[in-house]
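# What the coordinates show
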Amino acid sequence: MKVSWNWLGQFVDLSGVSPEELASKMTFAGVEVESIDRLAKASGLLIGEILSCESHPDSDHLRVLQVDEGPKYGIHQIVCGAPNARKGLKVIVAREGAVLPSITIAKSVIRGVESDGMCCALYELGVDRKSLSEKQCAGIEELAAEAPVGEEDVLGYLGLDDAILNLKLLANRPDLNAMMNVAEEVGTLLDRPVKLPEFAVKKHVKTAFKVGSETKNCPSFWIREVHGLKVGPSPEWMRRILFSEGVRSIDSVVDVGNFVMLLTGQPLNMYDLDKLPRKELVVRDDCEGDFVAMDGKTYRLVKGDLVVTSAGRGMCLAGIMTSKECEVDGETANVAIEAAVFQGAAIRHTSNRLGLASESSSRFVKGLNPSQAERVLEIASALLERLCGAASVSESLVYDTLPHEPKLIRTSYDRINRRLGTSFTNEEIASVLRKDHLGVNENGDEISVSVPAYRIDMAEGCDVSEEVIRLLGYDRIASRLPSGEAHCEGGLTNEQRLVVAIRRYLREQGLDEVLTYTLVGASEKDRFDYLGGGDSYRLSNPMTADHEYVRRNVLPSLLSAAAYNAAHQIKDLALFEVSDVDAPNEKSRRLGIVLAGEERLQGGLDVRPYDFYSIKGLFVGLMGLLGLADNRYRIERLRSGEKEFHPGRSAAVYLGKTLVAVMGALHPAALAEYGLSKGAVALELDLSAVLALKTSPEKASVPAKFPSIGRDLAFLVDEKVPYEDIRREILRSDKLIAKVDVFDVYQGVNIAPGKKSVALSITILDPEKTLTDSEASAVMEKAVATIKTRFGAEIRS
């Protein structure tokens, strides 16, 4: 919110107070003044008149001017390159020694012609170009014919001697988006009276116009008709106020709407009455189709967008923009003025979806005084009478379902002091609340505080306490050390320590940690959904369709991040993310990993493409880091009908019967969708389930004193039998079997269809003695019998 010092001074006596002092008071009272800007910064200026304008003898675009600078300084020659310089024009002159934001003026010779000063454009004085018209930016400033030649207070004459306080408003003070309420706040802080302007219409006439609302998102909708307008330029005082607030003057009708919004915080909309298809305006939220706005662009309406209609046709995208059909223009003679309360979430949703943000829409989003519509319409109507010569103003037409009873908060002096840790007297508290424009009714220690309607941030006793301390000063809170001894130990929980260790381990393996959005679109919420399942939380008013649901898994977001990088020519990727996921049926912490492209080894001297074993190696390493032996989990082939993981190069990990991880190469369809290179692999792990497992401290073991015996075994089994199942059964067959490794799997010539040959190396070890060949053979016989019985294996010679 921009606050003009000069405009504020019309409501509150600011004598004896500097902008910097007021900014300090406001900031310490909880209303931060982010910066103080000056509309213009320049010295050594005066108003001059161009007496003659001749072409420069050595330039086709420069002109040599003779400029009358008044009786005090006389006539001076200035070389000027502005295309609009001409005889008789009143201009701003920067004399020798003048200090402008980017230059100090000195006498000079330009292409052989002496120049004593400079004729200025407003942006050369520090005025923001955004506030100026194209014409003003293209040449020197053209002053009015009545501008006094020789006047040295140029900034004061033009209304540019103003300071702008930029307020950084928190979400709890939307009332300060209105100059009237800023004046009330300043009056409270300075303990000075506030004089707000009074506006009254001469006479209200009856009308047959009808208004209504068919949606709960518009609980209040007010209209006034104003007839017989004469549209023209606004008076100087209004143009200066708008200019100081960063608003460009358009014409008297539009400027009144902008002025009233800045003054009261209430956005207004004006409709050309003669262009409405029917003398009615009704708010609806079920319109669909195209809407042609006053900017000439066509926007697509969807259900949920608030639309002001007439005869079923959209006349205004509520709170955002009027339609082209009924916009006010230079020929408008009769208008309908709208003051409404629209539900902020609905306005924000439409504004974000269409990319149409404005001062009006932001005020609806932040919140409005729900009880000022009548007053606001009276101000606007009176200004249209005064500035546009309105012939008649109708009574207000009202649709209103809002409660307007005064807000009453009950608390006590004792509760206020106990909450704040202070010892203010009853008189101090009551006095400061009354200065804050709050009514105080005392009943002993108990008080009832009546709250003005514009303070929509105040609802309960804690809000009253906040007002007391912010106005009396936070320095009034006594500083004291907390009493008692601390009985809790700080530090990380065991789960937090393990998560930190996992992150460190993955970074040490060369992976990059990323953070992605928790919110996803409908197309992503069910992708790669192996570990959870069920429904997702949906936001009632999402900012965009791509951020509508709370995700149940992290892989889709991680793959989207990989796809973005791949599209920007970053082909070798190793990304991971640790994130909480929330759903109605579960809450857990997940780890996601995506590897794509090539892994660079030995500083890039060696490279190898990522594959299934890359992702499995990371998983096994993580399990080792967490102290989980390979007998605590089992890895099986992932069986899924989705085109997400490759059916022959992916796996599922189980703890008992619970699926805790999926990993593997991506399906060709997924690779094409995300634009990733062939061989890209991914993993998603339910960290909560894994971290909940109890693990024993690592134990040291004495190296074997006796030699082991190695035997090889080759056999035929059904091709669908997993190696892991074979390995597990062999280990169980005899406690002397220490290790089982596979060194060959073969299918092809001399192997029957549907079969595969598996060759294993089996290590046999007795920690108590040296085994004989006969004892080792007995162990092998048990292993062979086991796989024959369990898998129907045929031993190969």
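Residues numbered from 1 in each chain as written. Predicted model: local features only at pLDDT ≥ 70, side-chain atom pairs only at ≥ 80, totals over all residues. Heavy atoms only, no water.

## Structural notes on the overall build of the protein
- Counting its secondary structure elements, the protein contains 20 helices and 42 strands.
- Overall, the C-alpha framework of the protein stretches about 125 × 85 × 65 Å when taken along its three principal axes.
- Restricting the contact set of the protein to residue pairs at least 6 apart, pairs at least 24 apart contribute 69%.
- Surface accessibility of the protein: about 39,700 Å² in total, with carbon and sulfur atoms responsible for 49%. (Helix = DSSP H or I, 4+ residues; strand = E, 2+ residues; numbered from the N terminus. Contact = heavy atoms within 4.5 Å. Areas by Shrake-Rupley, 256 points an atom, 1.4 Å probe, with all protein chains shown as cover.)

## Focus on the pairing of strand E6 (residues 90-100)
- Of the pairings in the sheet, the one linking strand E3 (residues 43-55) to E6 comprises 6 bridges and is antiparallel in character. Across the sheet, Leu 46 pairs through a bridge with Val 93, a residue of E6.
- Two strands pair when backbone bridges link them, and E6 and strand E10 (residues 118-120) are joined in this way by 3 bridges, in the antiparallel orientation. Looking at the pairing, Val 93 lines up with Cys 119 of E10. (Pairing = 2+ DSSP bridges.)

## So, the pattern of salt bridges
- Counted by the stated rule, this structure contains 58 salt bridges.
- One salt bridge in this structure joins Arg 173 and Asp 175, with 2.9 Å as the shortest N-O distance. Each of the two residues, Arg 173 as well as Asp 175, counts as buried.
- A cluster of three or more residues bridged by salt bridges with shared partners is formed by Arg 173, Asp 175, Glu 185, Asp 436, Arg 455, Asp 457, Glu 467 and Arg 470. (Salt bridge = Lys/Arg side-chain N within 4 Å of Asp/Glu carboxyl O. Buried < 20%, exposed > 50% of the residue type's maximum accessible area, 1.4 Å probe, protein only.)

## Quick notes on the sheet that holds strand E38 (residues 681-686)
- Ordered by their spatial adjacency, 7 strands build an open sheet running E28-E31-E32-E38-E37-E36-E35, and the pairing between neighbours is mixed. Every interior strand has two partners, whereas the edge strands, strand E28 (512-513) and strand E35 (634-637), have only one.
- In the sheet, E28 pairs with strand E31 (residues 573-583) via 2 bridges, with the strands oriented parallel. Each residue of the ladder has a partner; that of Glu 513, found in E31, is Phe 576.

## A look at helix H20 (residues 773-791)
- Helix length check: H20, at 19 residues, gives a terminal C-alpha distance of 26 Å against a target of 27 Å (1.5 Å per residue), a fit within 8%.
- Tucked into the core, H20 has its buried residues touching strand E39 (709-718), helix H19 (723-733), strand E40 (737-746), strand E41 (755-764) and strand E42 (794-795).
- Of the residues flanking the end of H20, it is Gly 792, one or two places downstream, whose phi is positive at about 65°. (Expected span 1.5 Å × (residues − 1).)

## Considerations on the sheet that holds E40
- Strand order in this open sheet of 4 strands is E40-E41-E39-E42, and the pairing throughout is antiparallel. Because the sheet does not close on itself, it has two edges, and the strands there are E40 and E42.
- Note: E39 against E42, 2 bridges, orientation antiparallel. In the strand pairing of E42, Leu 716 is matched with Glu 794.
- Taken strand by strand, H19 contacts E39, E40 and E41, and its axis lies near 150° from that of E40.
- Of the strands in this sheet, E39, E40, E41 and E42 touch H20, which is tilted by about 15° from E39. (Axes fitted to C-alpha atoms, helices over the stretch in contact; angles between N-to-C directions.)

## Here we look at the nonpolar core
- Among the nonpolar cores identified, the biggest contains 77 residues, and Leu 384 and Leu 433 are the most heavily contacted of them.
- At 9 residues, the largest contribution of residues to this core is made by helix H10 (residues 373-388).
- Excluding its chain neighbours within four sequence positions, the residues that come into contact with Leu 384 are Val 226, Leu 229, Val 253, Val 256, Met 270, Val 335, Ile 337, Gly 389 and Ala 390. (Core = buried A, V, L, I, M, F, W, Y, C linked by side-chain atoms within 4.5 Å.)

## As for the environment of Ser 115
- As for its placement among the helices and strands, Ser 115 is situated in strand E9 (residues 113-115).
- Classification of Ser 115 as buried rests on a relative accessible area of 2%.
- The spacing of Ser 115 and Gln 66 is 49 residues in sequence and 10.0 Å in space, taken between C-alpha atoms.
- In this structure, Ser 115 is in contact with Gln 77, Ile 78, Val 79, Ala 106, Lys 107, Ser 108 and Ile 110, ignoring residues within four places of it in sequence.
- Within the local environment of Ser 115, its side chain forms a polar contact with the backbone nitrogen of Val 79, the two atoms lying 3.0 Å apart. (Polar contact = N/O pair within 3.5 Å; in protein donor to acceptor, adjacent residues only side chain to side chain.)

## Some points on the pairing of E38
- Burial analysis of E38 places 6 of its 6 residues in the buried class, which makes it a mostly covered element.
- In this sheet, E38 lies alongside strand E32 (residues 586-596) in antiparallel orientation, the contact comprising 6 bridges. Within E38, the position partnered with Leu 595 by the bridge is Val 681.

## Brief notes about the packing of aromatic side chains
- Going through the model one piece at a time under the given rule, you end up with 8 aromatic pairs.
- Between Phe 619 and Tyr 633, the ring centres sit 5.4 Å apart and the planes meet at 85°, which makes this aromatic pair edge-to-face. Here Phe 619, found in helix H16 (residues 612-625), pairs with Tyr 633, found in the loop between H16 and E35; they are 14 residues apart in sequence, far enough to count as distant.
- Taken together, the aromatic side chains of Trp 7, Phe 11, Trp 237 and Phe 259 make up a single cluster linked through ring pairs.
- Positioned over the ring face of Tyr 123 is Arg 129, at 3.8 Å from the centre of the ring. (Phe/Tyr/Trp six-rings, centres within 6.5 Å; stacked < 30°, edge-to-face > 60°. Lys NZ or Arg CZ within 6 Å of the ring centre and 35° of its normal.)

## Thoughts on the environment of Leu 771
- In this fold, Leu 771 is placed in the loop between E41 and H20.
- Separated by 584 residues in the primary sequence, Leu 771 and Gly 187 place their C-alpha atoms 99 Å from one another.
- Those residues in contact with Leu 771, other than ones at most four positions away along the chain, are Ile 709, Leu 736, Ile 764, Leu 765 and Asp 766.

## Digging into the environment of Glu 114
- Along the chain, the position of Glu 114 falls in strand E9.
- Distance in space between the C-alpha atoms of Glu 114 and Leu 511 is 68 Å, their sequence separation being 397 residues.
- Those residues in contact with Glu 114 that sit more than four places away from it in its chain are Gln 77, Val 79, Ser 108 and Val 109.

## With respect to unusual backbone geometry
- Positive phi, close to 55°, is recorded for Ala 311, a residue that is not glycine.
- When you line up the elements, Ala 311 lands in the loop between strand E19 (307-310) and strand E20 (313-317).
- Of note in this structure, Asn 750 is not a glycine but carries a positive phi near 70°.

## Some points on the side chain of His 56
- For His 56, the position within the fold is in the loop between E3 and strand E4 (63-68).
- His 56 has contacts with Leu 62, Arg 63, Val 64, Val 79, Ile 110, Arg 111 and Val 113, leaving out every residue within four places of it along the chain.

## Observations concerning the packing of helix H2 (residues 19-28) against helix H5 (residues 179-190)
- The contact between H2 and H5 brings their axes to 11 Å, and the two run at 95°. As judged from the angle between their axes, H2 and H5 are roughly perpendicular. Of the residues in H5, those in contact with Leu 22, Lys 25 and Met 26 of H2 are Val 186, Leu 189 and Leu 190.
- Tallied by class, the residues present in the contact of H2 with H5 amount to 5 nonpolar, no polar and 1 charged. (Parallel < 35°, antiparallel > 145°, perpendicular 65-115°, else oblique. Nonpolar A, V, L, I, M, F, W, Y, C, P; charged D, E, K, R; others polar.)

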